[in-house]
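Listed below are the residues making up each chain.
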Amino acid sequence: MDEGFFERAYNVVRQIPCGRVATYGQIAAMMGEPRKARYVGFAMHASPGVAGGVPCHRVVFADGSLAPGFAFGGPGAQRAMLEDEGVAFTPSGRVDMRRCRWEAL
DNA sequence: CTTATGACTATGA
DNA sequence: TTCATAGCCATAA
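Owing to the predicted nature of the structure, the values given are computational and were not obtained by experimental measurement.

Here is what the cut-offs are and how they apply
- Each chain has its residues counted from 1, following the order in which its sequence is written.
- As they are written, the chains are lettered A onward and the ligands numbered 1 onward, keeping that order.
- Side-chain atom pairs in this predicted model are given and counted only at pLDDT of 80 or more, local residue features only at pLDDT of at least 70, and totals for whole chains, interfaces and linings cover all residues.
- Side-chain numbers here rest on the full set of heavy atoms in the structure, without hydrogens or water.
- Salt bridge, as used here, is a side-chain nitrogen of Lys or Arg placed within 4 Å of a carboxyl oxygen of Asp or Glu.
- The secondary structure listing takes helices from DSSP runs of H or I that are at least 4 residues long and strands from runs of E that are at least 2 residues long, numbered from the N terminus.
- Each residue's exposure class comes from its accessible area (1.4 Å probe, protein chains only) as a fraction of the maximum for that residue type: buried when under 20%, exposed when over 50%, partly exposed otherwise.
- Any residue with a heavy atom lying within 4 Å of a molecule or strand is counted as near it.
- Pairs of N or O atoms within 3.5 Å make up the polar contacts considered here, provided that, within protein, one atom can donate a hydrogen while the other can accept it, and that residues adjacent in sequence are counted only when both atoms are side-chain atoms.

1. As for the pattern of salt bridges
Part 1 of the reasoning: Counted by the stated rule, this structure contains 6 salt bridges.
Part 2 of the reasoning: The salt bridge involving Glu 33 is made with Arg 8; its shortest N-O contact spans 3.8 Å. Of this pair, Glu 33 sits in the loop between helix H2 (24–30) and helix H3 (37–45) while Arg 8 sits in helix H1 (residues 3–13), and the two are 25 residues apart along the sequence.
Part 3 of the reasoning: Judged by relative accessible area, which is 24%, Glu 33 ranks as partly exposed.
Part 4 of the reasoning: Across the pair Glu 83 and Arg 79 runs a salt bridge whose closest N-O atoms are separated by 3.7 Å. Of this pair, Glu 83 and Arg 79 both sit in helix H4 (residues 77–84), 4 residues apart, which is roughly one turn of the helix.
Part 5 of the reasoning: The class of Glu 83 is partly exposed, set by a relative accessible area of 41%.
Part 6 of the reasoning: The network of salt bridges with common partners includes Arg 8, Glu 33 and Lys 36.

Right under this line is the structure:
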């Protein structure tokens, strides 16, 4: 893996404003390589976390679901953080993409 | 060259 | 709406 890819991924994720979420494919697309959504996920896995300036909790699946089993803090922690930032959730436990999906300016 | 794997996505039942 | 499957890219065996 090219570390530059990680840097670019973090650089994009860092731009996600509070109360918004972005999908892996969306971030990958902003990096110029829309087919590497999986690598974006890997970058998030290896991200320094919110303290490092990378709000990886704001990165979700295309359908609004979160990463099960790999959440940092424990199950429901990611959701709790998003809710705390004002992100709306559906009764099904998924992010309300229609309202909270982040769009590049 | 063929398989296998993975914080993904799209499609079909 | 949910679950299952196939396609996707890069790396490793």
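On we go.
2. Description of the protein's contact with DNA strand C
Part 1 of the reasoning: Lining the immediate environment of DNA strand C, one finds 7 residues, of which Lys 36, Arg 38, Tyr 39, Ser 92 and Arg 94 sit closest.
Part 2 of the reasoning: Atoms of DNA strand C within 4 Å of the protein belong to the sugar or the phosphate in 63% of instances, the rest to bases.
Part 3 of the reasoning: Arg 38 places a polar side-chain atom, nitrogen or oxygen, 2.9 Å from a base oxygen of DNA strand C.
Part 4 of the reasoning: With respect to DNA strand C, the side chain of Ser 92 contributes an N or O atom lying 3.4 Å from a phosphate oxygen.

Geometric values such as these leave the question of function open.
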